[in-house]
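Given next are the chains, with one letter for each unit.
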Amino acid sequence: MAGIRAARPAPRTTPLSAEELREEVAAVLGVPPGTLAGDDHLVHLGLGSLEMMRLATRWRRQGLPAEFAELAAAPTLDAWHHHLTDAWTTRNGEVAR
């Protein structure tokens, strides 16, 4: 089916919220979002490097400045939210909160 491509998502205009992040990671892990604590080690919960790479790729396609190496270095929701928010504010010239 040459010429048929999946629609590219519209670029985000806001960074990923902590709740959106929790929901996306929970969906990949196949667990309810409420079962994930911010400091849970996501690799110990079953998240592999391939899934991390897929999440980073998905977020970059949405316009989020996600770096796989940063995600892999500290695989917790709290660290990922911090990385994604800082990268967003740095790229957009906003003052980090």
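The following paragraphs examine the structure supplied in this document. Keep in mind the model is a prediction, meaning the values are calculated, not measured. (Residues numbered from 1 in each chain as written. Predicted model: local features only at pLDDT ≥ 70, side-chain atom pairs only at ≥ 80, totals over all residues. Heavy atoms only, no water.)

## Some words on the overall build of the protein chain
If you tally the helices and strands in the protein chain, you get four helices and zero strands. For the protein chain, the sequential pattern of α-helices and β-strands runs α-α-α-α. Considering the protein chain as a whole, with its 97 residues, one finds that 30% of them fall into the buried category. Put simply, of all contacts in the protein chain between residues at least 6 apart along the chain, 54% involve residues at least 24 apart. (Helix = DSSP H or I, 4+ residues; strand = E, 2+ residues; numbered from the N terminus. Buried < 20%, exposed > 50% of the residue type's maximum accessible area, 1.4 Å probe, protein only. Contact = heavy atoms within 4.5 Å.)

## A few points about the pattern of salt bridges
Under the defined criterion, the tally for this structure stands at three salt bridges. With a closest N to O distance of 3.9 Å, glutamate 19 and arginine 22 form a salt bridge. Of the two residues, glutamate 19 and arginine 22 are both situated in helix H1 (residues 18-29); the distance of three residues between them amounts to about one turn of the helix. The residue arginine 58 makes a salt bridge to glutamate 24 at a minimum N-O spacing of 3.1 Å. Of this pair, arginine 58 sits in helix H2 (residues 49-61) while glutamate 24 sits in helix H1, placing them 34 residues apart in sequence. A relative accessible area of 16% means that glutamate 24 is categorised as buried. (Salt bridge = Lys/Arg side-chain N within 4 Å of Asp/Glu carboxyl O.)

## Brief notes about the packing of aromatic side chains
A ring pair, where both rings are aromatic, is described by two values, the distance of the centres and the angle of the planes. Enumeration over the complete set of coordinates arrives at one aromatic pair. Taking the centre distance of 6.1 Å and the plane angle of 80° together, the rings of tryptophan 59 and tryptophan 80 count as edge-to-face. Taken together, the residues span a long stretch of sequence, with tryptophan 59 in helix H2 and tryptophan 80 in helix H4 (residues 77-92) at a distance of 21 residues. With respect to class, tryptophan 59 is no different from tryptophan 80; both count as buried. (Phe/Tyr/Trp six-rings, centres within 6.5 Å; stacked < 30°, edge-to-face > 60°.)

## Topic: H2
In a regular helix each residue adds 1.5 Å, so 13 residues correspond to 18 Å; H2 covers 18 Å between its end C-alpha atoms and thus fits that length. Of all the residues in H2, the buried ones are Met52, Leu55, Ala56 and Trp59. Taken down its axis, H2 places every buried residue within 100° of arc, on the same side. In this structure, the buried side of H2 is in contact with H1, helix H3 (68-73) and H4. One or two positions beyond H2, positive phi appears at glycine 63, with a value near 95°. (Expected span 1.5 Å × (residues − 1). Arc of directions from axis to C-beta.)

## Some thoughts on the packing of H1 against H4
Direction vectors running N to C along H1 and H4 enclose 125°, while the axes themselves pass 10 Å from each other. Looking at the two axes, H1 sits oblique to H4. Relative to H4, H1 is oriented so that their crossing is right-handed. Contacts from Ala18, Leu21, Arg22 and Val25 of H1 reach H4 at Leu77, Trp80, His81 and Leu84. For the contact of H1 with H4, the class distribution of residues is six nonpolar, one polar and one charged. (Axes fitted to C-alpha atoms, helices over the stretch in contact; angles between N-to-C directions. Parallel < 35°, antiparallel > 145°, perpendicular 65-115°, else oblique. Left-handed = near helix turned anticlockwise from the far one by under 90°. Nonpolar A, V, L, I, M, F, W, Y, C, P; charged D, E, K, R; others polar.)

Everything listed here is a matter of coordinates, which is why it stays silent on function.
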